[in-house]
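Observations on the model geometry
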Amino acid sequence: MSSNTLTLPDGRTVPNTPEFRAYLRILEGNVREQNPQTRPKGAEEQPAQKPAQNKTSLVCLADVEPEAVSWLWHPYIPRGKLTLLEGDPGVGKSWVSLAIATAVSIGRGLPGLEATEPASVVMGSAEDGLGDTIRPRLDAMGANVSNIHAIKHLLDFANNEGLAILEGYITQVHPVLVIIDPLVAYVGAGTDIHRANETRAILAKLADIAEKHGCAILAVRHLTKGGALKPIYRGLGSIDFTAASRSVLLAGCDPEEPHKRGLVQIKSNLAATGKAIGYELRDGDFCWTGDSDLTAARILAAEDSGDGKSAIDEAKDFLRDELADGPVEASLVLRYAREAGLSEITVKRAKSMLGVITRRQGETGKRGGGKFTWELPKGLEDQTDLEDHGDRIEKNDPLNHFSFENHYMAQKDDPLNPPRGHDSVEV
């Protein structure tokens, strides 16, 4: 070996530089470790280095026993998991959470669920008073308040102390249900709920607590404004709130009949999505009303726009503007409506109320041929609403699935809408 080169164990020569000298020492050390005969005297074989001690571990899935999901309320609220209950202020989210707590406390009352053993509930409420709101509501619903325990002071889940206190209460009471209302009040004043890296750790710890103690954690969250967003993105704060939850429930009202309210499941990781469940608030009392036809889109369409107009009024104005210059292909109208943040069902209701006429153009003699257009009836610009005149939706219109009787205006030259004993109607 010359002073300018180094010889590697495999016979290759490399430049004699500090980097290659260090590399050669590493290679020689590995050879000695692997060959006891080349190990210096007195040097003992070192055990394999173990990973630094932390909360992570590696497990072979062959050693993991499959487990069935345990349910508090199938398929809406799983035990050992985090569930979100979302909705706008005033739609009855807190009423719903108390109705669920009542059912748990007496062992019956959840729609579609058979009677079970009464169980304990732990709840934290940052918005409603215990004496003037929560207790009277529970009494009105027939709850066994001996099984319901309330956290009197606000906890800060952003530090370990707040979570430790919550877990201490769970260990003490052994609840099957823990309610946090609203969740954002408990994440700490210094936490930016819109930043995933700040909320993720809190949600992970809550999920760990739920799994460790086998209880369901039901967290209440408000919605943001923004009708064009998908329902699953409408919750206040980071999307991590939704991602960390195994089930997400949306509470809201029917846009046409605000007294009709419903609970719609918009996320379900552990079972098929459940049916919408109706509920009403009657004279200060809560009651479940069975299966509901409400959808997330209809609930979110019930919000008023910034100028105070309802979703249906916005849809009417939209149709007047889009159809003002004559017939427009129906599929384009619906596409433009979606881009404007209007739901399809709201646009179709507005269509029927305005008496918008559907015509089929093109290959009328061929099944499925041609295209459908929408147009305003004559004189609509002079009227604000035609719903009192009786409208008829064309029976062959695949874009409209409503069933009404005596609906709008037969046109004698419209083969899809034959006249009913009279000529075409001028409005």
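All figures in this text were calculated on a predicted structure; none of them were measured in a lab. (Residues numbered from 1 in each chain as written. Predicted model: local features only at pLDDT ≥ 70, side-chain atom pairs only at ≥ 80, totals over all residues. Heavy atoms only, no water.)

Some points on the overall build of the chain
- For the chain, the count of helices and strands is 10 helices and 16 strands.
- Relative to all contacts within the chain whose residues are 6 or more apart in sequence, the contacts with residues 24 or more apart total 60%.
- On the chain, roughly 23600 Å² of surface is accessible, and the fraction owed to carbon and sulfur atoms is 49%. (Helix = DSSP H or I, 4+ residues; strand = E, 2+ residues; numbered from the N terminus. Contact = heavy atoms within 4.5 Å. Areas by Shrake-Rupley, 256 points an atom, 1.4 Å probe, with all protein chains shown as cover.)

What about the pairing of strand β12 (residues 277-282)?
- With 3 bridges connecting them, strand β11 (residues 261-268) and β12 associate as antiparallel partners. In the strand pairing of β12, G262 is matched with G278.
- Two strands pair when backbone bridges link them, and β12 and strand β13 (residues 285-291) are joined in this way by 6 bridges, in the antiparallel orientation. Considered in β13, the bridge of R282 is made with D285.
- Between β12 and β13, which follow one another and run antiparallel, lie 2 residues, and D283 among them has a positive phi close to 50°. (Pairing = 2+ DSSP bridges.)

What about unusual backbone geometry?
- For the bond from H74 to P75, the omega torsion is -5°, close enough to zero to count as cis.
- Here D181 and P182 are connected by a cis peptide whose omega angle stands at -10°.
- Among the structural elements, P182 can be located in the loop between β8 (177-181) and α5 (196-213).
- In this structure, D283 is a non-glycine residue whose phi angle is positive, near 50°.
- Secondary-structure assignment places D283 in the loop between β12 and β13.

Side note on the environment of G262
- You can see G262 is positioned in strand β11.
- Of the residues examined, G262 reaches a relative accessible area of 0% and is grouped as buried.
- Note: C-alpha distance between G262 and T289 (27 residues apart in sequence) is 8.8 Å.
- Those residues within four positions of G262 in sequence are excluded, and the remaining contacts are L250, A251, G252, I277, G278, Y279, L294 and I299. (Buried < 20%, exposed > 50% of the residue type's maximum accessible area, 1.4 Å probe, protein only.)

Regarding the sheet that holds strand β9 (residues 216-222)
- Reading across from one edge, β7-β6-β8-β9-β5-β10-β11-β12-β13 is the order of the 9 strands in this open sheet, with mixed pairing throughout. Edge strands, defined here as strands with exactly one partner in the open sheet, are β7 (148-151) and β13. On average, adjacent strands in this sheet sit at an angle of 25° to one another, irrespective of strand direction.
- In the sheet, strand β6 (residues 121-125) pairs with β8 via 5 bridges, with the strands oriented parallel. Bridging from a neighbouring strand, S125 pairs with D181 of β8. (Axes fitted to C-alpha atoms, helices over the stretch in contact; angles between N-to-C directions.)

Let's talk about the packing of aromatic side chains
- One pass over the structure, following the stated rule, counts 6 aromatic pairs.
- Residues Y279 and F286 carry aromatic rings whose centres are separated by 5.4 Å and whose planes lie at 20° to one another, so their mutual orientation is stacked. Both residues of the pair, Y279 and F286, count as buried.
- Centroid distance F286 to W288: 5.0 Å. Interplanar angle 90°. Geometry classified as edge-to-face.
- Three or more aromatic residues link up through ring pairs in this structure, and these residues are W73, Y76, Y279, F286 and W288. (Phe/Tyr/Trp six-rings, centres within 6.5 Å; stacked < 30°, edge-to-face > 60°.)

Here we look at the packing of helix α2 (residues 93-106) against helix α3 (residues 130-140)
- In contact at an axis separation of 10 Å, α2 and α3 are set at 50° when each is read in the N-to-C sense. Taken together, the axis directions place α2 and α3 in an arrangement best described as oblique. Every pair of crossing elements has a handedness; the one defined by α2 and α3 is right-handed. Contacts from S94, W95, L98 and T102 in α2 reach I134, R137 and L138 in α3.
- Residues of the contact of α2 with α3, tallied by class, amount to 4 nonpolar, 2 polar and 1 charged. (Parallel < 35°, antiparallel > 145°, perpendicular 65-115°, else oblique. Left-handed = near helix turned anticlockwise from the far one by under 90°. Nonpolar A, V, L, I, M, F, W, Y, C, P; charged D, E, K, R; others polar.)

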